[in-house]
Each structure stands twice: as structure tokens, then as C-alpha cells.
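# Analysis of the macromolecular model
Here is what each chain is made of, one letter per residue.
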Amino acid sequence: MKKYDVIVIGAGNGGLAAAATCAKAGLSTLLLERHNIPGGSASSFVRGRFEFEPSLHELSGIGTPEEKGSVEEQFDRMGVKVNWCKHNSTFRLIVPAKEGDEDSFINENGVRVSVDARMPVGFEAFSRKLDEIVPGSYESAMNAFKLSEDMYTAFGYMEEGENPLGMLKVLKYFPDFMRLTSHTLQEGLDALGMPKKAQDIFNTYWCYMGVPASRFDFLYYLTMQSSYIKFGTGIPQNRSHEMSLAIDKAIRDNGGDIWYNSEVTSVIMKNGKPAGVVVNGSKEVYGERFICNASPRFVWSDLFNKEDVPEFQARMTNARKTAVALTTVYLGMKKTKEELGITDYSVFIAPDRDSDKQFEACQDFFSGYCIINCLNEIIPDCTPPGTSQLFLTSMTFGDAMKDVKPEDYKKFKTKVAKDMIETCEKALNISITPYIEEIEIALPPTFSRYLNTPMGTPYGYMLEMWDSLIPRTIQYEKDQPFDNFLFCGASQERGDGYGCAYHTGEKAAKLTIKAFKEGK
Amino acid sequence: MASPIKSLKAKKFLPMLGGRQARFGEGSPDIPSGSDSARAIATALHPVRQYLKVASVTDRGDGCKSYKLVPDTEKGTEKLAYFGAGKYLTVFEHIGGMPLTRAYSISSSPRNSLEGFYELTIKKVDGGLMSNYILSEWKEGTAVEVSAPSGNFEYQPLRDASTVICLAGGSGITPFVSMANAVNDGDEDFNLVLLYGSRNPGSILFRDELEALEKQCSKIKIVHVLSDTPDDEMPAGSEKGFITAELIKKYAPANEDYSVFICGPQQMYEFLEKETAKLGIERKFIRREMFGELHNPGSQPDYPSDVPENVSITVTIQDETKTVTGKSCDSVMQILEKNGIAVPARCRSGECGFCHSHLLSGDVYIPPQLDYRRLADKQFGCIHPCCSFPLSDLVLNVPAAR
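Just so we're clear, the structure is a prediction, and the values are computed from it rather than from any experiment.

## Notes on the overall build of chain A
Counting its regular elements, chain A contains 20 helices and 19 strands. Relative to the globule expectation of 24 Å for 520 residues, the C-alpha radius of gyration of chain A, 23 Å, shows essentially globular dimensions. Taking the principal axes of its C-alpha atoms as reference, chain A extends roughly 70 × 55 × 45 Å. Taking all 520 residues of chain A together, 61% fall into the buried category.

Here it is, written out as C-alpha cells:
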């Protein structure tokens, strides 16, 4: 039986990028995936005459043809071509008014709100708009964007150079780097003198990383957020399944093998190191090096013998907190977005303007927090004429399903979906329910089934201050279990996001390629 | 002017690194737990396989039998996966060295699965490989392997009307028996009006059960529609002829929306497609169960001419590559199965996508009404072998059968 240079476990975004990078470098590569299609979250599904986007809200890192973003550059390196549809706004935040709100007003939808902010692309335009809503916030916003640019460059240095050399360069040129990474988003914006209400609008994207302003590091938020605001974002023409199949093709074009419906059920150890894997409980495959896109918790619980789990890995896994779990409702609508009265791609509806209070609310399924997206805003013909597709997203934290029995799950799902739909109907003063032609509801068990992560989280571990981006990046090698077995994906340094996962896959692949070059 | 950011202390950073390691050190050294509440539900509802055995067989007459299936604990299935009424099980069999699968709607209620059994009801189909095999071979004690409950033919209160006119033909009654029981049990909440087409009273399946359900539950109404029955043999309250738009209108609520659910043989789908179009109700209110396996692609209007009768298929599954031959009138899946190659299969109707494969070279014919592929699949040459018919020699990659 053939022995592979590299076996990649899991064809999520991280695993796909890892396999594509290894195959491109000429390593004999085998990518193993338990599901029958690639991508994990990056996929699609068909119901009736609709094909739904399962997870991608917007992809930053595409950039412009003149100034390509990080994802587009990485796709070029992997030899992957995707047809992007550009999205040239950011978000609209609506916070319905509560009783006693002093500065509430009736918005264009005829709804009494305490916040309604529709934010444009571009640092200058975003800051001006913020200032219009909260006078006196322009300068602090521009300062924040300026810092984000510096930090982006600094972070690039750190990624380029091998630690501690990269780190020294960062310290020398960007003394603010340490300040920002060791303070929370809230502390940072306070220091910049941004008015609280402006902060609340500025912090809208917190849910993309799943950590609210008082617990998330300032540096990561700034760089993440500005990557969306600087050039706008994009999504693939044919749902994220297009991206995953494009990478699948690049892997095969470069001689890599991909086996679908091929679940790694255990890891074979030799001399204290992984030497192979067992597929679907019976077939043994051997490899020199391994890149693992599967969730570390389930890797240790399911794939390794108890005695082979490094103690540090057990402690590390147990010490970390599982990130946010998602609920998504996919709706195929028998009316167009115009007929429905939908005017924005992405509307964040929040029960409170403060991100920490939003986070608190999301401890419960019925939180009043819901993001509503209409894909037709970016891809007008993504559904047949006269129709449109919506997806609604909410979050939950913790062991949220513990009181739900399998036999009650369908009813529970429907109840959660109904609540989310009604939240959107009320906040936008529109009618959705009568026009639903197709509906699919994904709760944490759905994500668990397809992603095989704790609580079905697509986000990995919570990026809290103590376990945030920069410490994770600096301690990356320390975090890896064996010198020939590296993790990639959302569980790694950057947390969730397609671009982040692609990056971790490429990083693990580069270290693997380097090890081969050095004859290790 | 000094940047306002300088008010933040820079020295907080270094302790973060040690702090992180210290936090890890405080973590439990126990092997991390692989269970959580989301995973528990996911694995309970979607096992890869369920190992069952036949507990009893009921002869329903007219070449039809029901099989009560219970968990085969010795093979590792402790508990049946719960399901929503209307779902199907894919049955896995080996017939004469040929791996074969078929999807059958569950005829028992969701609540029965909690009590420990599923019921599948199989009717004899002329030339039906699987149905004839099951009818002759499955006996009390026979070991049976099935998939998790699958499919989307279910009532959804946020989408469907509060009254559903269910149109059944022949053994297409099975999902509706499950739904009617679910309504009676209070597990589903809608008004179920069943128009059930049969030839004559003797060929009605579940007649007594349906009658009992109608008596017990005010939300259930049963109407038999008999095509081949003398007037004096027509049961009370039944209708003569076929299920037509007129008949549907007769039993539909007068001034409110209603849904129409259809399950039956392929000819019935074709007939009812025309009839339901006359109802003037919206598309969202008409749903039908999967089409089933298509035979005879040559009878499709857009099937090309000059297709070679015999083709060869080179198929790679994991690290094994084989070249086999078959007839172009068979689907890619059938050709592989006839050559003893197991293919991942669930619905066999093009819909579920479980057999999703990469076509590396060659051409196939895909009947447009069964083409449920994703857009990017078309872009990158992916096919569903269950409804793809070879037009030339093919090379393809197929996922492992599970």
C-alpha cells in the first residue's frame, strides 16, 4: 500500500487549503473527508427550486483587482479560481426601541428604534456616517481605522518572520501592537474617546468572532473589522460549494487524492508518533506527516487511544471554552426582495445596542438577536424569477440543547425558527411567513452532524482575552501535539471565518513542506 | 499630539503568554469528553447505519406485506432513530452478489419508533428486484440493515397550510399512514384529508387502520377513490374513478389555503401534475414525494440519439480502480451495482445528493426533472450517478459506500 507524504484529515476550509498547498508543492497528498462533499461549512444544499448558501455571510480578503486581498492571493497561490460577486456595503444595525428609550425614533420602515445604522464601505465614509448618527465620533473612528492599518502590517511581519524574529520587528516598528492586543475592544475604543453609542455601532461585527466588546481583544477586532470595511466583501457566484469544489479540483489537478465518505476512525501510532490512520473502521493508510482539520476535542476523545493523548493536549483542550453555536433558518421565498420590502443584504437585529448585553441575551435560543441576509441583494439571479432567498442567523452559547430530547427536536426547531422569523418581521415591519416556499432549519445538532465539532460550533474555541489571537499565534508550535501532526481550521489561532481557516491550512502545509525540505 | 492610545499600558502583554500556559496547566488531565447535547441529538437522529431484525410479518393482501423491524442489539443498534412522519429508510441488501439499496417510506408512526419498532410496507412490483427479494426472503428473525430516517416529505407548519389534501396511489399510502398516526398521536398538528386511489376495495392497503384513525381523530378524513369497481361494490363515502382536480376541490376547504401532498407511482405523478395545475393554488402548496428511480431514459423527450448500447465505466473508489461494462439504458449507479460495486445511495431519485461523484471524462444524460445538482456541481462536472445515464464510456470518482 502506498505511503503518503501527507495525510490531511477533514476537508473543511482548513483541510482543503492544507491539501491544496501540499499537493501544489509536489508532496503526495491524501485528503480524507467523512462527508460526501468537501467544504464543511463551505457548501450548499438544494430544496425545491432553491439552492441555499449554508454559512457564508460575506468574505473579506478578496480586495480589488489592483489590490488583491489575502484570500484572493492565497487562491492564486493554490491555483484556485472563483467567480466573486462583490458586496459594496457593510451592515445595517437595527435595535428596536424599548420602553423608556429617550432617543428612540421612527425609522424608514415605520418601526420605533433606538438605533438604525446603515453603514457604508470605506474608512472615511464609514466614519462620516458614524459621525452623522453620533456626532463627535468621526475622529475616534478614523483613528481606529488608522490603527487597524498599522496593526495589519505589523501582524503581517509577525506571520512572515519566524518567532522571535518577527516579534522583534513588530515591537520595533509598532509599539502600539502590544497595547492593543492586551486590551479589550471596549478599553481601546474608550481610550480613543469614541462615544458609547458609536462604539455600539462600531462593534456590530463582534458576532463574526463570537466574543463581545468587554472580552475581545482590540487588535483582532480592528484588523478583522477593517478587512470588511476597507474594500467591501464578496461571495462566490455559485454558493460556497463553488469555492470548495474549486479547491477540490486544484488538489486533484496537482496529483492529490481525495477520498469522500472516508472517515478517519482512529490514528495509528508508532514510536510515540502518528504513523497512519484507519478509515471507516477498517482500512489502514500510512503517512509521514498529518494535518488535522478535525476538532481537537473529538480527535482526542474519538481517534486516539487514551494512553497516546499527550497530557498537555488534554489539559489544553479541557481548559479552553467552546465557542458560540449557531442557528440558521434558510428560507426560499415566493416573492422578490422588493415585494418583501427587503432593502439590505445584511441586517443585524439586536435586542440591545450593547454587544455584551447581546451576548448575554444569546445564552437563550429566544434572544431577539437575529441577522437577516438576502442573497439576492448581491446575486440578483441566485433564485428563479419572482423569488428570493433569505437566511436568518442567531447564536447560542453553552450546552444549549441539554433539555431537548431527540423526539422533541423537530418541534423545538420550528419554535426557534418561528421566533427568529417574527423577530425579523417585527424589526423590519415586513411579512415573511406567508411567503415561505421552502424552509430548512439548522440548529446546533445540524451543525454537529455536518461539522462534527463540539456543540456543532463552526467557531472553534472562544477567543477570550487570555486565549486571544496573538498569544495563540506566538505559541502556535507549542500548541501542536506532535512534530508530524499539526492542527488547522477554526480551532487554531485565528478562530472562525473562511479566510482564517484557509490561512491556518496553508500555514500547517508550509510547515509540513518545510519539514520535508529539511529532511526531518 | 500624543495618540490617545498611549493611555493604554503596554506592559500588560508579556504576562499574557505565561498566563495562557498557566491556564492550560490548570485544565483537567482527563481525556476530553466527546459528548455534548448537540452531538447527542445528531447521533440519535442520524446514525450511519441501523441494524435491525424482522420481528413479525403482516400480509396485507394484494402482494403486499408489512415488516415490523426492531433493533438488533447484538449488532450494536440499541435504539431506533426517531423520525418525522413522511421520512423513508434506505434498505441495504446483497442480492446474488449485487449490492442494492431501495428507499421505503416508514409506514409506522414516529411514536412507534420510541416504542421500539419501525414498520416498512413493501408491495410487489413487476420485475422489482428488491421488492420481490424482500417479499420472498424476509421472515421473522431476518437481519436487516437500514439507513437513518431520511427525506424531506414532511409537514412543516411554517410553510404548509393547516389542511393537507394527501393524494396517495397504491403503496404510496405508506407515508400518509405514518402522518395520520402522528396527527392522531398529537405529534403533528394539521387537518389531514386523504384521497387514496386504488383499483378496488380488495387492493386498498391499511383499510381498517385508516378507518379507525378517522373515527378516533376529528382532524383526519379518509376518502377512497376506486378506479375499477362496480357500483354495487363501492364502499360508502368512496369516489369512483381517478383523483382529479375536481375531486380535490370537492374535499378542499372552501375559503382557505390548503396544501397538496402527493405520493404514489411515477405515472400518477405525471397525471397529477396536470390535475394539480388546474387547482389554481400556489406552487408552494404542492409537494410530492421523490420521483423514484427512472428506468428507460430513452423514452425521455430530450434523450439524445445515437447512444451506444454498451459502455464501459472506469471507476475509482478510494484507492481501488476498476473498469466495468454495462448498458446505456441503466443508470451509472445500476451499472456499478450490477458489477458488484457498492455505491453510496439513499434516495435513488437525484434529490438527496448522497451519491455525489466526480465525472472525470465522458458524457451522461440527466433527466432535467431529476437534476437536483448544485450549480457548482454542473460547473465542476459532478453528477448524481443514481439519475445519470451514460452516453459514452466514462471515468469517474465515487465516494466510498457507507
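## Quick notes on the overall build of chain B
Check the secondary structure of chain B and you find 10 helices and 19 strands. With respect to the three principal axes, the spread of C-alpha positions in chain B is 95 × 55 × 55 Å. In chain B, which comprises 402 residues, the share counted as buried stands at 45%. Taking all contacts inside chain B whose residues are at least 6 apart in sequence as the whole, residues at least 24 apart take part in 70%.

## A closer look at helix α3 (residues 123-133) of chain A
Residues and elements named next belong to chain A. Residues of α3 that are buried include every one of Phe-126, Ser-127, Lys-129 and Leu-130, and no others. Looking down the long axis of α3, one finds its buried residues gathered within 160° of arc, a one-sided arrangement. Facing away from the buried surface of α3 by more than 90 degrees, the exposed residues are Glu-124 and Glu-132. Its buried side turned inward, α3 meets β8 (112-120), α4 (138-160), α8 (196-202) and α10 (218-229).

## Some details on the environment of Ser-148 of chain A
Residue and element names in this part refer to chain A. Note that Ser-148 resides in helix α4. Taking the C-alpha atoms as reference points, Ser-148 and Leu-180, 32 residues apart in sequence, are found 9.8 Å from one another. Residues within four places of Ser-148 in sequence aside, it is in contact with Leu-222, Thr-223 and Ser-226.

## Focus on the domain arrangement of chain A
Note: interface size is frequently given as the accessible area lost on complex formation between the parts. Residues and elements named next belong to chain A. Looking at the assigned domains, one finds that chain A contains domain 1 (3-43 + 237-321 + 461-517), domain 2 (89-121 + 324-456) and domain 3 (123-230). One C-alpha centre belongs to domain 1, the other to domain 2, and the line joining them spans 32 Å. Each partner contributes to the interface: domain 1 provides nine residues, whereas domain 2 provides six residues. The residue makeup of the side of domain 1 that touches domain 2, split by class, is two nonpolar, five polar and two charged.

## What about the interface of chain A and chain B?
Every contact between the two is made by 74 residues of chain A and, on the other side, 57 residues of chain B. Considering each element in turn, the side of chain A that touches chain B owes the most residues, seven residues, to helix α13 (residues 311-319) of chain A. Of the residues that constitute the side of chain A that touches chain B, the class distribution is 32 nonpolar, 20 polar and 22 charged.

## Describing the environment of Gly-63 of chain A
Structurally, Gly-63 of chain A is set in the loop between β4 (50-52) and α2 (70-78). If sequence neighbours within four positions are ignored, Gly-63 of chain A has contacts with Lys-68, Gly-69, Glu-72 and Phe-231 of chain A.

## Structural notes on the sheet that holds strand β14 (residues 325-333) of chain A
Strands in a sheet are paired, the pairing made by backbone hydrogen bonds, and the direction either parallel or antiparallel. All names here are of chain A. Strand order in this open sheet of eight strands is β7-β8-β6-β15-β16-β17-β14-β18, and the pairing throughout is mixed. For this open sheet the edge positions go to β7 (105-106) and β18 (436-442), each flanked by a neighbour on one side alone. Sheet topology note: the β14/β18 ladder contains six bridges and is antiparallel. Bridging from a neighbouring strand, Leu-331 pairs with Ile-439 of β18. The strands that helix α17 (residues 444-451) touches are β14, β17 (388-396) and β18; relative to β14, the one it contacts most, it runs at about 100°.

## Some thoughts on the domain arrangement of chain B
All names here are of chain B. Taken domain by domain, chain B comprises domain 1 (43-146), domain 2 (163-288) and domain 3 (297-397). In this assembly, 15 residues from domain 1 lie in contact with 15 residues from domain 2. Mapped onto the side of domain 1 that touches domain 2, the elements with two or more residues apiece are β1 (50-61), α3 (110-115) and β5 (118-123). Among the residues making up the side of domain 1 that touches domain 2, the classes are represented as four nonpolar, seven polar and four charged.

## Section: the packing of α3 of chain A against α4 of chain A
Residue and element names in this part refer to chain A. Between α3 and α4, the least distance of the axes is 8 Å, while the angle of their chain directions is 150°. The angle between α3 and α4 places the two elements in the roughly antiparallel class. Crossing of α3 against α4: the hand is right-handed. Listed contacts from α4 to Phe-123, Phe-126, Ser-127, Arg-128, Leu-130 and Asp-131 of α3 are Tyr-138, Ala-141, Met-142 and Phe-145.

## Some remarks on the environment of Leu-375 of chain B
Tracing the backbone shows Leu-375 of chain B in helix α10 (residues 375-379). Classification of Leu-375 of chain B by C-beta neighbours within 10 Å gives partly exposed; the count is 17. Contacts of Leu-375 of chain B, omitting those with residues within four sequence positions, involve Glu-51, Asn-238 and Arg-239 of chain A.

## Quick notes on unusual backbone geometry
Located in the positive-phi region is Asn-271 of chain A, a residue other than glycine, with phi close to 50°. Of note in the backbone geometry, Arg-348 of chain B takes a positive phi value of approximately 55° without being a glycine. Mapped onto the elements of the fold, Arg-348 of chain B is located in the loop between α9 (332-338) and β15 (357-361).

## Describing the pairing of strand β1 (residues 3-9) of chain A
Residue and element names in this part refer to chain A. Buried residues dominate β1, accounting for five of its seven residues. As judged from the six bridges shared by β1 and strand β13 (residues 283-292), these two strands associate in the parallel manner. Following the sheet pairing, Val-8 is matched in β13 by Ile-291. Where β1 meets strand β2 (residues 29-32), four bridges bridge the pair, whose relative direction is parallel. Of the residues in β2, the one forming a bridge with Ile-7 is Leu-30. Handedness of the β-α-β unit built from β1, helix α1 (residues 13-24) and β2 comes out right-handed.

## Looking at the sheet that holds strand β2 (residues 64-71) of chain B
All names here are of chain B. Spatial ordering of the open sheet is given by β4-β3-β6-β1-β2-β5, a layout of six strands whose pairing is antiparallel. Strands with a single pairing partner mark the edges of an open sheet, and in this sheet they are β4 (98-105) and β5. Ignoring which end each strand starts from, the neighbouring axes of this sheet average 40° apart.

## Overview of the packing of α4 of chain A against α10 of chain A
Residue and element names in this part refer to chain A. Contact geometry of α4 with α10 gives a least axis separation of 8 Å together with a crossing angle of 100°. The angle between the axes of α4 and α10 places the two elements in the roughly perpendicular class. In contact with Ala-144, Phe-145, Leu-147, Ser-148, Met-151, Tyr-152 and Phe-155 of α4, α10 contributes Leu-219, Leu-222, Thr-223 and Ser-226. Classifying every residue of the contact of α4 with α10 by side-chain character gives eight nonpolar, three polar and no charged.

## Topic: the pairing of β8 of chain A
Residues and elements named next belong to chain A. Judged from the six bridges that link them, strand β6 (residues 89-96) and β8 form a sheet pairing that is antiparallel. Across the sheet, residue Ser-89 finds its bridge partner in β8, namely Pro-120. The sheet contact formed by β7 and β8 spans two bridges and is antiparallel. Of the residues in β8, the one forming a bridge with Ile-106 is Arg-112.

Criteria and cut-off values
- Residues numbered from 1 in each chain as written.
- Chains lettered and ligands numbered in written order.
- Predicted model: local features only at pLDDT ≥ 70, side-chain atom pairs only at ≥ 80, totals over all residues.
- Helix = DSSP H or I, 4+ residues; strand = E, 2+ residues; numbered from the N terminus.
- Rg over C-alpha atoms; globule rule 2.2 N^0.38 Å.
- Buried ≥ 20, exposed ≤ 12 C-beta atoms within 10 Å, placed from the backbone.
- Contact = placed C-beta atoms within 7 Å.
- Arc of directions from axis to C-beta.
- Domains from an automatic or database assignment.
- Nonpolar A, V, L, I, M, F, W, Y, C, P; charged D, E, K, R; others polar.
- Pairing = 2+ DSSP bridges.
- Axes fitted to C-alpha atoms, helices over the stretch in contact; angles between N-to-C directions.
- Parallel < 35°, antiparallel > 145°, perpendicular 65-115°, else oblique.
- Left-handed = near helix turned anticlockwise from the far one by under 90°.
- Right-handed = clockwise from strand over helix to strand, strands pointing away.

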